[in-house]
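The chain contents come next:
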Amino acid sequence: MANYIKTKMTGLCGLFVMGLTIMTGCNTTTDVEQQVNELYDKMPQEERIAQLKSMYMDDLFDEQGKLDTAKCRELIPHGIGHFSQFCMQQPRDPNELRDRAVAIQEWLMNHTPNGIPALLHEEVLSGVNTKGATIYPQQIGQAGSFNPELAELKTVQTSTALRKMGGILALSPMVDVCRIPSFNRLEESYGEDGYLSAVMGTAFVKGLQQSDLKKGVGACSKHYLGYGGGGDAEEKEMMEEILFPHEAMIRLAGSRCVMPGYHAVHGTKCVANSEILQDILRDYVGFDGMVVSDYTAIDQLPDLDDVVQKAAAAINGGNDVDFPFGANYQHLQKAIDQGLVKPEVLERAVKDVLRHKFRAGLFDKGAYLYSKEDIQLDTPEERQTAYDIATQSVVLLENNGVLPLKDAKNILLTGPNANSIWAMCGDYTYPAMSYFWKKMEDTPEQPHIVKLLEGMTSHKPEGFNIMYSRGCDWTEEIETKFSELGDERAWEYEILHRKVDSGEKADKQEALTMAQQADVIIAAMGENVMLCGENRDRQSLRLPGKQEQFVAELIKTGKPVVLVMFGGRAQVISGLAEKCAAVIQAWYPGEEGGNAVADILYGKVSPSAKLSVSYPNTEINEAICYNYSAEKDPRIQWPFGYGLTYTTFEYSNLKVQREASTSDQSISLSFEVKNTGEVTADEVAQIYLSPSNADQQIRPIQLQGFARVSLKAGESKTVNVKLYTEQFGFYSHKDQRQWNIQPGEFIIKVGSSSTEIKLQENITLKGEPINKPLREFYLSESSIQQ
């Protein structure tokens, strides 16, 4: 294959170092800015505008997979800033993808005015979005692990693979604080809480970027600001909670790319919204990176007559790059000629892109643009990580003692998600993207995706007998609602108006007959790729189709029924859950999901995940969150932070520093957790903060820390926590935006969920009020000792 690209420029930039405190930059920042300025001044106008556009790389290759240089001269004579989703366009070997990246980068370096390499980007929400790459659990499940270390390991593995193939930027993670239970993209998020989203999102970025953008992959924080239920929030909630994950990822982990959402904030679409992109993001948070549009978002700007006006509105509002193919920004010169865009606005956008490329080392001598080694995907280490995350993502909601399965020798496994990859793969995985966008009915068996039937069969204890009958389909009719929301490429009737063909017969009577022979029934129900995901809405949040009726008939057999739900959001099962022997929410657990769920059912692993959302018992189509009230919400069946396991835990000996000054950096606390049961298990101990009176300007209850504690039967450990005094503060905006720490009495609570508080103590902050423009410390720190 081709040798490393010989670059035309040498960069001197060092990279930021990640830590738990604010990243202050490096001593070569001036050098980078000088290099950006010098390069910009040399660039012809056409090359500058080209840096703000993207395209699909496949458009430059012929049918034999060779780079068509004539097309390059025709379509990108002045270069191109970006290539969109370069891994997922067709099912290709990673080495072929790398070779294509080599060919196009070498052409750009040698045949365009200043030889500027492109940023090749891909989606990496659950692993690299390409054939054969590891499919990790969807984010809504991983959030329930409360395990940022595993989240970071996942993205280290992901970025290592993507960078080898030539990927330099990832359009992930999604850190929308999603508070509307019916939101069709909730599965991509870390749930309803800003703090948890910030912890997990920061871990995602740290792993992906590997503390060095020259060897890792750049992250993109999306969908800024308030997608999924926060766009119309009051300013205080918006700035304290909805902004929180984006702000933490930028200021703690060095995230240098932001993607505005499709929605509007205060009546203006985010992609052209100077309030959120300039005033808040750049001026307040201090972001100095690159802003890229969501796919076709600029096309959707309302009340503008033509593409020239749309391009002007977006770049003037603060958006730098037009994805996926520069349909509007190709008219930027006309907008400049008409006086709609000032030269300094174009300069800002182009320099934002160039700065990112310098930070990624694209101009360095020997720049790491791809690997020369043979690229292998889905390694044993990656599969192990996928399995570990899956076992920590599955939430046990109810259990009358039937689990783990010990004495039930004859087991019936039934339901539409019992023997399907669509129980395992969430949106933005390669199979899901290929099925939905490319209409590929047959997805390649790369990687191998372990279905629940396979996992239960291959991992069953000796003497167990597994019977299987599908029993019912996901739906009998098409339930996906058509609506012109999100990516307009999906606004095709043919894309949305279809249902998944399982390839299996669903014989309800056969399943009910088998049920008579079973000691226990495992009913695998829920959603699939066409019932949840971007642009995919349903009429209801109850189980799709006739699944609920089928489960009710299984219950009528008198045999204990374990309901296992797969999908991307909480599904309302009130009235049904109470009749089941056990209930599990498995979300979309990835390629090892079948093994992980089977091992939990058999008791080889004790469930440990906690809910990252408030789980409703009724249809709710408005924003809800546990922190809106310290009182129990009657609409919630299982609260945020809730999850059962196969043992019991005892909390004791809470020690809290009783007084501190508002000027102190932090306070300390500790407590003990003991496994009082008979099996090894993990407990997620959660630390909440509450006011002592209603006049204090903080939430009634707010997660401010947690610790995942692994305990053998009878074992005790001590959890030590450092809470920063800034975590007791709040946002205000009178004359200026600021963060405030006020003296007063607060309540520190320790619990196993947001409603199951085991220990609490008061602490008093004394001293003068502290006001500062921004927080310096966002996340508490915890350690565990014997």
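Residues numbered from 1 in each chain as written. Predicted model: local features only at pLDDT ≥ 70, side-chain atom pairs only at ≥ 80, totals over all residues. Heavy atoms only, no water.

**Points about the overall build of the chain**
Piece 1. A tally of helices and strands in the chain yields 20 helices and 29 strands.
Piece 2. Radius of gyration (C-alpha) of the chain: 26 Å, near the 28 Å computed for a compact globule of 786 residues.
Piece 3. Buried residues in the chain amount to 65% of all 786 residues.
Piece 4. Of the contacts made within the chain by residues no fewer than 6 positions apart, 80% connect residues no fewer than 24 positions apart. (Helix = DSSP H or I, 4+ residues; strand = E, 2+ residues; numbered from the N terminus. Rg over C-alpha atoms; globule rule 2.2 N^0.38 Å. Buried < 20%, exposed > 50% of the residue type's maximum accessible area, 1.4 Å probe, protein only. Contact = heavy atoms within 4.5 Å.)

**Here we look at the packing of aromatic side chains**
Piece 1. In this structure the tally under the stated criterion is 19 aromatic pairs.
Piece 2. Measuring from centroid to centroid gives 4.4 Å for Y626 and F640, while their planes differ by 10°, and the two rings are stacked. Here the residue Y626 occupies a position in the loop between β16 (615–616) and β17 (636–638), and F640 occupies one in the loop between β17 and β18 (649–656), the gap between them amounting to 14 residues.
Piece 3. Assessed through its relative accessible area of 7%, Y626 is described here as buried.
Piece 4. Its guanidinium or amino end placed over the ring of F61, R100 lies 4.6 Å from that ring's centre, counting from NZ or CZ. (Phe/Tyr/Trp six-rings, centres within 6.5 Å; stacked < 30°, edge-to-face > 60°. Lys NZ or Arg CZ within 6 Å of the ring centre and 35° of its normal.)

**Some points on the pattern of salt bridges**
Piece 1. This model, assessed by the stated rule, comprises 46 salt bridges.
Piece 2. One salt bridge connects R100 with E96, and the closest N-O pair in it is separated by 3.5 Å. Separated by four residues within a single helix, R100 and E96 lie in helix α4 (residues 94–111), roughly one turn from each other.
Piece 3. Owing to a relative accessible area of 6%, R100 belongs among the buried residues under this scheme.
Piece 4. For D99, the salt bridge goes to R98, with nearest N and O atoms at 2.8 Å.
Piece 5. With a relative accessible area of 35%, D99 lands in the partly exposed category. (Salt bridge = Lys/Arg side-chain N within 4 Å of Asp/Glu carboxyl O.)

**Observations concerning the side chain of D352**
Piece 1. Tracing the chain through its elements places D352 in helix α13 (residues 343–359).
Piece 2. There is a polar contact of 3.3 Å between the side chain of D352 and the side chain of R282.
Piece 3. A distance of 2.8 Å separates a polar atom in the side chain of D352 from a polar atom in the side chain of R355.
Piece 4. The residues touching D352, leaving out its near neighbours within four places in the chain, are R282, D288, G289, M290 and D320. (Polar contact = N/O pair within 3.5 Å; in protein donor to acceptor, adjacent residues only side chain to side chain.)

**Let's talk about the sheet that holds strand β6 (residues 257–260)**
Piece 1. Read across the sheet, three strands follow the order β5-β6-β9 without closing on themselves; strand pairing throughout is parallel. For this open sheet the edge positions go to β5 (221–224) and β9 (290–291), each flanked by a neighbour on one side alone.
Piece 2. Pairing of β6 with β9 involves two bridges; the strand directions are parallel. Residue pairing across strands places C257 opposite M290, the latter belonging to β9.
Piece 3. Across the sheet, helix α9 (residues 244–253) touches β5 and β6, and the angle it forms with β5 is around 150°. (Pairing = 2+ DSSP bridges. Axes fitted to C-alpha atoms, helices over the stretch in contact; angles between N-to-C directions.)

**Considerations on unusual backbone geometry**
For residues other than glycine, phi is negative in most cases, and the peptide bonds are mostly trans.
Piece 1. Residue P173 is bonded to the preceding S172 through a cis peptide linkage, with omega at 10°.
Piece 2. Structurally, P173 is set in the loop between β4 (169–170) and α7 (194–209).
Piece 3. L225 follows Y224 through a cis peptide bond whose omega is 5°.
Piece 4. Even without being glycine, D303 reaches a positive phi, approximately 60°.
Piece 5. Mapping D303 onto the fold places it in the loop between β9 and α11 (307–317).
Piece 6. With phi around 70°, N535 is a residue other than glycine that occupies positive phi space.
Piece 7. For N535, a relative accessible area of 3% translates into the label buried.

**Regarding the nonpolar core**
Piece 1. Among the nonpolar cores identified, the biggest contains 145 residues, and L403, L405 and M456 are the most heavily contacted of them.
Piece 2. Once you skip the residues sitting within four places of it in the chain, L403 turns out to touch L396, V562, A582, I584, L601 and Y646. (Core = buried A, V, L, I, M, F, W, Y, C linked by side-chain atoms within 4.5 Å.)

**Description of the environment of K717**
Piece 1. For K717, the position within the fold is in strand β23 (residues 716–724).
Piece 2. With 45 residues separating them in the primary sequence, K717 and E672 have C-alpha atoms 5.7 Å apart.
Piece 3. Apart from residues no more than four positions distant in its own chain, K717 is found in contact with F671, E672, V673, V709, S710, L711, I784, Q785 and Q786.
Piece 4. At 2.8 Å, the side chain of K717 forms a polar contact with the backbone oxygen of S710.

**Regarding the packing of helix α8 (residues 235–242) against α9**
Piece 1. Viewed as axis vectors pointing N to C, α8 and α9 meet at an angle of 40°, and their least axial separation amounts to 5 Å. What the angle tells us is that α8 and α9 run oblique. In this structure, α8 uses M239, E240, E241 and I242 to contact α9, whose residues at the interface are F244, P245, H246 and E247.
Piece 2. A per-class count over the contact of α8 with α9 returns four nonpolar, one polar and three charged. (Parallel < 35°, antiparallel > 145°, perpendicular 65-115°, else oblique. Nonpolar A, V, L, I, M, F, W, Y, C, P; charged D, E, K, R; others polar.)

**Observations concerning the environment of L774**
Piece 1. With respect to the helices and strands, the residue L774 is situated in the loop between β28 (770–772) and β29 (781–785).
Piece 2. Residue classification places L774 among the buried positions, given a relative accessible area of 14%.
Piece 3. Beyond its immediate stretch of four places on either side in the chain, L774 contacts E247, R251, Y284, V285 and W739.

**Here we look at the confidence of the model for the chain**
Piece 1. Looking at the chain, the pLDDT average stands at 94 and 95% of residues meet or exceed 70.
Piece 2. Long-range and interchain partners of residues 1–27, a stretch whose pLDDT sits below 50, account for 87 contacts in this model, where long-range means more than four residues apart. (pLDDT = per-residue confidence, 0-100.)

**A few points about the sheet that holds strand β12 (residues 465–469)**
Piece 1. Here we have six strands laid out as an open sheet, ordered β10-β15-β14-β13-β11-β12, and mixed in their pairing. Both outer strands of the open sheet, β10 (395–399) and β12, are each paired with one neighbouring strand and no more. Along the sheet, successive strands turn relative to each other by an average axial angle of 20°, direction set aside.
Piece 2. Two elements, strand β13 (residues 520–526) and strand β14 (residues 561–566), share six bridges in a ladder whose sense is parallel.

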